[in-house]
Amino acid sequence: MNDCIFCKIAAGQLPSGKVYEDDEVLAFHDIHPFARVHVLIIPKMHIATLSDCLPEHQALLGRMLWLAPRLAREHGLDAGFKTLINTGRGGGQEVFHLHVHVFGGGDPVRKS
Ligand code: 5GP
Ligand code: ZN
């Protein structure tokens, strides 16, 4: 877990383009954006994937999703945006710390 890049970002040990932070959640710009706006929302606690979420994580998941339209609005995505959660290797997940992609604007490149 200590090698987890998003845990390091959450702990302030690695720089990130932070756009939101509260006691449980952090959001920052994706380092390789696939749209004009591309933000990642992560829990500060380490949860590897959506499949690892437990009943006690329901409020945390709700907070992350609730944040998505707010961040999209703040970044000018008034016409709408996309959300994406890749889960597991078969789901295309590369960083095994739960994150919600929020992106839109420009010509989004589809990530398969
Ligand atoms: P996944 O494929 O796991 O859903 O997406 C991981 C995302 O994390 C990718 O879009 C990738 O660009 C982004 N990412 C990986 N490492 C870093 C990093 O060190 N900083 C930031 N800001 N984004 C990262
Ligand atoms: Zn982590």
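Further up the page is the structure itself.
Next up on the list: the site of ligand 1. His-29, Asp-30, Glu-94, His-99 and His-101 are the nearest of the 17 residues found near ligand 1. Take Gly-92: an N or O atom from its main chain is 3.2 Å from an oxygen atom of ligand 1. Sorting the residues of the shell around ligand 1 by element identifies helix H1 (5–10) and strand S2 (25–29) as the ones contributing at least two each. When residues of the shell around ligand 1 are assigned to their parent elements, the largest contribution, three residues, is made by H1. Taken together, the residues of the shell around ligand 1 sort by class into seven nonpolar, seven polar and three charged.

You can see Gln-93 is positioned in the loop between strand S4 (82–84) and strand S5 (100–104). Other than its neighbours up to four places away in sequence, Gln-93 contacts Ala-48, Thr-49, Asn-86, Thr-87, Gly-88 and His-99.

What follows concerns the nonpolar core. Within the largest apolar cluster, 18 residues are counted, with the highest numbers of intra-cluster contacts made by Val-25, Ile-41, Met-64 and Leu-71. Here the element with the most residues in this core is helix H2 (residues 58–74); it accounts for six residues. If we skip the residues at most four places from it in the chain, Val-25 touches Tyr-20, Ile-41, Ile-42, Pro-43, Lys-44, Leu-60, Arg-63, Met-64 and Leu-67. Counting residues in each nonpolar core, the second largest holds nine residues, with Cys-4, Ala-10, Phe-28 and Ile-42 among its members.

Looking now at the environment of Gly-62. Turning to its location among the elements, Gly-62 is positioned in helix H2. What makes Gly-62 partly exposed here is its relative accessible area of 35%. For the pair Gly-62 and Thr-49, spaced 13 residues apart in sequence, the C-alpha to C-alpha distance is 15 Å.

Right, let's get into the coordination of the zinc ion (ligand 2). Six octahedral donors around a metal ideally make angles of 90 or 180 degrees; four tetrahedral donors ideally make 109.5 degrees. The coordination sphere of the zinc ion (ligand 2), as far as protein atoms go, consists of Cys-4 (SG), Cys-7 (SG), His-46 (ND1) and His-97 (ND1), spread over 2.0 to 2.3 Å. On the primary sequence, the residues serving as donors to the zinc ion (ligand 2) are separated as C-x2-C-x38-H-x50-H. Here the residue His-46 occupies a position in the loop between strand S3 (37–43) and H2, and His-97 occupies one in the loop between S4 and S5, the gap between them amounting to 51 residues.

As a further point, take the pattern of salt bridges. Taken as a whole and assessed by the stated rule, the structure comprises six salt bridges. With its nearest N and O atoms 2.9 Å apart, the salt bridge here joins Asp-22 to Arg-63. Within this pair, whereas Asp-22 is found in the loop between strand S1 (18–21) and S2, its partner Arg-63 is found in helix H2, the two being separated by 41 residues in sequence. Arg-63 is the salt-bridge partner of Glu-24, the closest N and O atoms lying 3.0 Å from each other. Here Arg-63 lies in helix H2 and Glu-24 lies in the loop between S1 and S2, a separation of 39 residues in the sequence.

With that settled, the discussion passes to the packing of aromatic side chains. All chains considered together, the criterion is met by two aromatic pairs. Here Phe-6 and Phe-28 contribute two aromatic rings whose centre-to-centre distance is 5.4 Å and whose plane-to-plane angle is 80°, an arrangement assigned as edge-to-face. Placement of the pair is Phe-6 in helix H1 and Phe-28 in strand S2, with a sequence separation of 22 residues. Across this residue pair, the class does not change: Phe-6 and Phe-28 are buried. Between Phe-34 and Phe-103 the ring centres are 4.7 Å apart and the planes differ by 75°, which places this aromatic pair in the edge-to-face class. Of this pair, Phe-34 sits in the loop between S2 and S3 while Phe-103 sits in strand S5, and the two are 69 residues apart along the sequence.

Thresholds applied
Residues numbered from 1 in each chain as written. Chains lettered and ligands numbered in written order. Predicted model: local features only at pLDDT ≥ 70, side-chain atom pairs only at ≥ 80, totals over all residues. Heavy atoms only, no water. Near = heavy atom within 4 Å. Polar contact = N/O pair within 3.5 Å; in protein donor to acceptor, adjacent residues only side chain to side chain. Helix = DSSP H or I, 4+ residues; strand = E, 2+ residues; numbered from the N terminus. Nonpolar A, V, L, I, M, F, W, Y, C, P; charged D, E, K, R; others polar. Contact = heavy atoms within 4.5 Å. Core = buried A, V, L, I, M, F, W, Y, C linked by side-chain atoms within 4.5 Å. Buried < 20%, exposed > 50% of the residue type's maximum accessible area, 1.4 Å probe, protein only. Donors = N, O, S within 2.8 Å, 3.2 Å for Na, K, Ca; no water. Salt bridge = Lys/Arg side-chain N within 4 Å of Asp/Glu carboxyl O. Phe/Tyr/Trp six-rings, centres within 6.5 Å; stacked < 30°, edge-to-face > 60°.

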